[in-house]
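Residues per chain, in single letters:
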Amino acid sequence: MSIPTDSGQAEAFRTWFSQGLARLLARDGYQEAAAAEPNLQLVLHFVDPKRPRPYRRQAQATFVAVIAESEAPVRDALREAYRVLIGSLGNLMLYVGPVGNGSPGPMGPGRPLEVHFITLEQGHYVEPYEPGREEEFFQRVYYRLKPLACSTLVINNEFVADLEEELWNGDELTEEIGRAGKRLDEMGLLPAPFPLDEVLDERDRRHLNKLFGLGGLSYSNFSARKDATRFWMSASGVDKSRMREIGRDILMVKGYDPGRNVMELSVPPGVAPRRVSVDAIEHWMIYREHPQVGAILHAHAWIEGAEATPFNYPCGTLEMAQAVAEKVRQAPDPGKTVVGLKNHGLTITGQSLDEILERVGDRLVSQVPMS
């Protein structure tokens with residue numbers, strides 16, 4: 001664990017908040033380390049929201065929780081804080097502000113506060129603080145933070161130029177994936193890719209790309225089973241309403257190597273491939289266990305009555321994949337089920353993407369409930 005900070009951050013707030021979390025982290029066996037330590041698991045990165053500085057982690061496994069103070073009450077947390085999260089190279093944002101119509105001023109234990117949790121998937125939920133109830137407050141914040149910080153990313157890809165020549169230009173399944181993207185876009189359920197180049201300089205974009213293979217952020221993904229062991233899936237960081245090129249926009253997933261923690265993909269020769277969607281491990285688990293599943297759709301949308309996973313694990317983590325796979329396993333019909341991802345969206349299984357959208361399309365709403 002490391003607790004670096006920008007020099008402009010209010011010292012009293014930083015000390016109070018970091019010490020409150022550090023007590024619980026120490027109780028669970030975490031030890032504070034220098035910010036330069038290469039194998040950090042968790043970083044509490046305090047920033048000035050007006051001048052955020054990135055934390056350049058040295059390992060994929062390092063989870064960066066960005067913490068910033070708003071002196072005024074938070075009116076639109078996503079609009080105010082999401083760019084700070086991206087600009088700080090964080091995994092999660094804790095944006096702290098006074099409650100309601102409270103007057104502007106420094107944060108601290110003597111005034112009511114709200115912690116706005118902002119996720120990379122544009123999730124937003126709130127934990128309140130009342131003076132005199134510090135222990136309960138930090139317990140709730142820690143309960144939210146710990147499962148995310150301890151999760152395991154499965155985002156590395158191995159590309160092998162062994163895709164059959166007859167699939168170099170795709171097939172009826174890749175056409176179906178393209179149709180699904182266009183359909184969700186027409187329904188207003190396909191958020192546009194987030195423009196990293198508007199927030200990060202070239203050095204930080206290179207750092208993200210080197211560490212995670214990230215060239216951009218996009219939301220929602222689609223897959224369709226090709227055969228018993230393989231499936232087509234949308235790429236990461238692409239406009240899901242305009243998926244065309246095989247190996248760049250849509251890729252063939254052929255396996256997962258748990259020993260190396262790598263998704264294995266077949267691509268055409270001569271293509272500079274994009275990384276497959278971070279949710280590939282989740283789809284791989286579902287296809288492997290349920291042969292009746294022919295397609296999977298993930299959307300940042302909701303259906304009333306959907307049963308959600310217990311935590312909002314980050315996309316691309318083994319824990320998220322296992323939580324969703326467990327919900328599918330428990331469903332009366334795993335081949336046609338809807339699983340809620342807490343504070344995030346939905347994973348929906350079906351015979352095909354066309355069948356999924358015909359079955360649930362009129363019930364999808366853009367507002368995901370936050371809790």
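Residues numbered from 1 in each chain as written. Predicted model: local features only at pLDDT ≥ 70, side-chain atom pairs only at ≥ 80, totals over all residues. Heavy atoms only, no water.

Draft legend 1. The sheet that holds strand β5 (residues 124-129), seen in detail. Read from one edge to the other, the open sheet built from five strands follows the order β1-β2-β3-β4-β5, with strand pairing classed as mixed. Among the strands making up the open sheet, the edge pair consists of β1 (42-47) and β5. Adjacent strand axes in the sheet meet at a mean angle of 20°, parallel and antiparallel pairs treated alike. Note that strand β4 (residues 113-119) and β5 share six bridges and pair antiparallel. Considered in β5, the bridge of histidine 116 is made with valine 126. Against the sheet, helix α1 (residues 11-27) touches β1, β2 (63-69), β3 (92-98), β4 and β5, its axis set at about 170° to β1. (Pairing = 2+ DSSP bridges. Helix = DSSP H or I, 4+ residues; strand = E, 2+ residues; numbered from the N terminus. Axes fitted to C-alpha atoms, helices over the stretch in contact; angles between N-to-C directions. Contact = heavy atoms within 4.5 Å.)

Draft legend 2. Fine view of the environment of alanine 61. In this structure, alanine 61 sits in the loop between β1 and β2. By relative accessible area, which is 60% here, alanine 61 ends up exposed. Each C-alpha atom, one on alanine 61 and one on leucine 40, is 7.7 Å from the other, the two residues being 21 residues apart in sequence. (Buried < 20%, exposed > 50% of the residue type's maximum accessible area, 1.4 Å probe, protein only.)

Draft legend 3. Broad picture of the state of the cysteines. Going through the model one piece at a time under the given rule, you end up with zero disulfides. Between cysteine 150, a cysteine without a disulfide, and cysteine 315, which holds the nearest cysteine sulfur, the sulfur-to-sulfur distance is 18 Å. Of the residues examined, cysteine 315 reaches a relative accessible area of 14% and is grouped as buried. (Disulfide = S-S within 2.5 Å.)

Draft legend 4. Region of the structure containing the packing of helix α4 (residues 172-186) against helix α8 (residues 353-360). Interaxial distance between α4 and α8 falls to 9 Å at its minimum, and their mutual angle equals 25°. With respect to their mutual orientation, α4 and α8 come out roughly parallel. When α4 is examined against α8, the residues Glu176, Ile177, Arg179, Ala180, Arg183 and Leu184 are found in contact with a partner set consisting of Leu353, Asp354 and Leu357. Of the residues assigned to the contact of α4 with α8, the class counts are five nonpolar, no polar and four charged. (Parallel < 35°, antiparallel > 145°, perpendicular 65-115°, else oblique. Nonpolar A, V, L, I, M, F, W, Y, C, P; charged D, E, K, R; others polar.)

Draft legend 5. Fine view of the environment of proline 314. Mapped onto the elements of the fold, proline 314 is located in the loop between β12 (307-308) and α7 (318-330). Excluding its chain neighbours within four sequence positions, the residues that come into contact with proline 314 are Phe63, Glu121, Leu148, Ser151 and Met320.

Draft legend 6. Main features of the environment of valine 66. With respect to the helices, strands and loops of the structure, valine 66 is situated in strand β2. Separated by 52 residues in sequence, valine 66 and isoleucine 118 place their C-alpha atoms 9.5 Å apart. Residues contacting valine 66, with those up to four places away along its chain left out, are His45, Val47, Leu85, Ser88, Gly90, Leu92, Met93 and Leu94.

Draft legend 7. Region of interest: unusual backbone geometry. Its identity is not glycine, yet glutamine 122 carries a phi of approximately 70°, on the positive side. Topologically, glutamine 122 is positioned in the loop between β4 and β5. In this structure, asparagine 261 is a non-glycine residue whose phi angle is positive, near 55°. Here asparagine 261 is to be found in the loop between β9 (250-257) and β10 (262-266).

All we've got here are geometric facts, nothing functional implied.
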